[in-house]
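Structural overview
So the chains spell out like this:
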Amino acid sequence: MTEKSQEAVEICRTVADLRARVAAWRRDGLTVGLIPTMGALHAGHISLVDAALAQYDRAVATLFVNPRQFDRPDDLAAYPRTEEDDAQKLGAAGAHLLYAPNAHEMYPDGYATNVSVSGVSAGLCGGDRPGHFDGVATVCSKLFLQSGADGAFFGEKDYQQLQVVQRFVSDLNIPILIHPCATIREDDGLALSSRNKRLTAVQRAIAPRLYEVMQGAAQAFGAGGDAAPVLKAAVEAINAAGFDSVDYLEFRDAVSLTPLEKAGGVSGGQAARLFAAAWLGDVRLIDNIPV
Ligand code: AMP
């Protein structure tokens, strides 16, 4: 059992410090779980810390707002930065270390390497955010190699990201176990997200309708038949609920992420998921659920 504390977690900022800390734990025979984040921590992130503490001796969270995975400078600039508060939350959750490097530590002068994953990166959040998943795969592979952790925890909230990570870890033989964790939601169904803070009261009231409409569509898929009319009706319902636009609503294989045309595949035992991204003002919400 790890003792929970009210103190902020200890922070380290360099690869050398991180490696020294992990090496000392290794000498004591301890295992290490990693929780990569971009900060502005909420209960969804803390659930990953809890999962890591349940399976490993030491839990290391990382905080790095990765410029390479933002396609718009204004989105990067608007991303919330709350390191002090994050360190407090991690301390209270019982995490052992926060690794928070700056951009120069992560991408020193002359940095020139990119990790690019094809297939699962295509479409959905990869379609309308060019370079996004290259940025994610590059920074995550660096975090895995810098820490040498035994396992890493990722939320199903960012399901495509999770598949991208599983793919490059397997393809590059990186010795780390990836642990998928369920999406944590508000009582009204809205998936927790750092971006929710930017919603106005009116937008916040509309936001849970995305999950609600998705659940209705998933139920309709249970009856079999073509996916297209169900998806079309659901997009109309999301727009009618007050969303400003829908980037995508798609029905895809849960592992390869190839689009599925027939709901019938589901009853044939094929794991499938419904994926959505929609805008409320300048806030882009994403969600996904199993079908
Ligand atoms: P982020 O800081 O948004 O990059 O997220 C860091 C990690 O937390 C990722 O693995 C996310 O999938 C995960 N995460 C974010 N929101 C949630 C949530 N509502 N439930 C579970 N995991 C989440």
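The structure contained in this document is the topic of the report that follows. (Residues numbered from 1 in each chain as written. Predicted model: local features only at pLDDT ≥ 70, side-chain atom pairs only at ≥ 80, totals over all residues. Heavy atoms only, no water.)

1. Concerning the pattern of salt bridges
Keep this limit in mind: By definition here, a salt bridge exists when the distance from a side-chain nitrogen of Lys or Arg to a carboxyl oxygen of Asp or Glu is within 4 Å. Helix and strand definitions follow DSSP, with helices as H or I runs of at least four residues and strands as E runs of at least two, each counted in order from the N terminus. Partly exposed describes any residue whose relative accessible area lies between the buried limit of under 20% and the exposed limit of over 50%, with all areas from a 1.4 Å probe on protein chains only and scaled to the type maximum.
Tallied over the full model, the rule gives 16 salt bridges. Among the salt bridges present, the one from Arg13 reaches Glu83, with a minimum N-O distance of 2.7 Å. Here Arg13, found in the loop between strand E1 (11-12) and helix H1 (15-27), pairs with Glu83, found in helix H4 (residues 83-93); they are 70 residues apart in sequence, far enough to count as distant. On the basis of relative accessibility, which here comes to 29%, the residue Glu83 falls in the partly exposed class.

2. As for the nonpolar core
The criterion, for reference: Side-chain atoms within 4.5 Å are what join buried Ala, Val, Leu, Ile, Met, Phe, Trp, Tyr and Cys residues into a set we call a nonpolar core. The start and end points of each domain follow an automatic or database-based domain assignment. By definition, residues are in contact when any of their heavy atoms lie within 4.5 Å.
In terms of nonpolar packing, the biggest core is built from 44 residues, with Phe144, Phe168 and Ile178 touching the most fellow members. For this core, the leading source of residues is helix H7 (residues 132-147), giving seven residues. Looking at which domains feed residues into this core, each of domain 1 (10-181) and domain 2 (194-290) supplies at least three. Those residues in contact with Phe144 that lie beyond four places of it in its chain are Leu34, Pro36, Ala149, Ala152, Phe154, Val165, Phe168, Val169, Ile174, Ile176 and Ile178.

3. Regarding the state of the cysteines
To keep things clear, this is the line we draw: Whenever a pair of cysteine sulfur atoms sits within 2.5 Å, that pair is classed as a disulfide.
For the coordinates displayed, the defined rule picks out zero disulfides. Left without a disulfide partner, Cys12 is nearest to the cysteine sulfur of Cys140, which lies 17 Å away. Between Cys140, a free cysteine, and Cys181, which holds the nearest cysteine sulfur, the sulfur-to-sulfur gap is 14 Å. Take Cys140: its relative accessible area is 5%, and that puts it in the buried class.

4. So, the site of the ligand
The condition is simple: Put simply, a residue is near a molecule or strand once any heavy atom of it comes within 4 Å of that molecule or strand. In protein, a polar contact means a hydrogen-donor-capable atom and an acceptor-capable atom, both N or O and within 3.5 Å, with residues adjacent in sequence counting only if both atoms are side-chain atoms; elsewhere, any N or O pair within 3.5 Å suffices. Values of accessible area rely on a 1.4 Å probe in the Shrake-Rupley scheme; residue burial ignores everything except the protein chains shown.
Near the ligand you find 17 residues, and of these Met38, Gly155, Asp158, Ile184 and Leu192 are the closest. With respect to the ligand, the backbone of Gly155 contributes an N or O atom lying 2.9 Å from an oxygen atom. Between the ligand and the protein, one listed contact pairs a nitrogen atom with a backbone N or O atom of Ile184 at 2.8 Å. Coverage of the ligand by the protein amounts to 93% of the 480 Å² it exposes when considered alone. Elements supplying a minimum of two residues to the shell around the ligand: strand E2 (32-37), helix H2 (43-55) and strand E5 (151-155).

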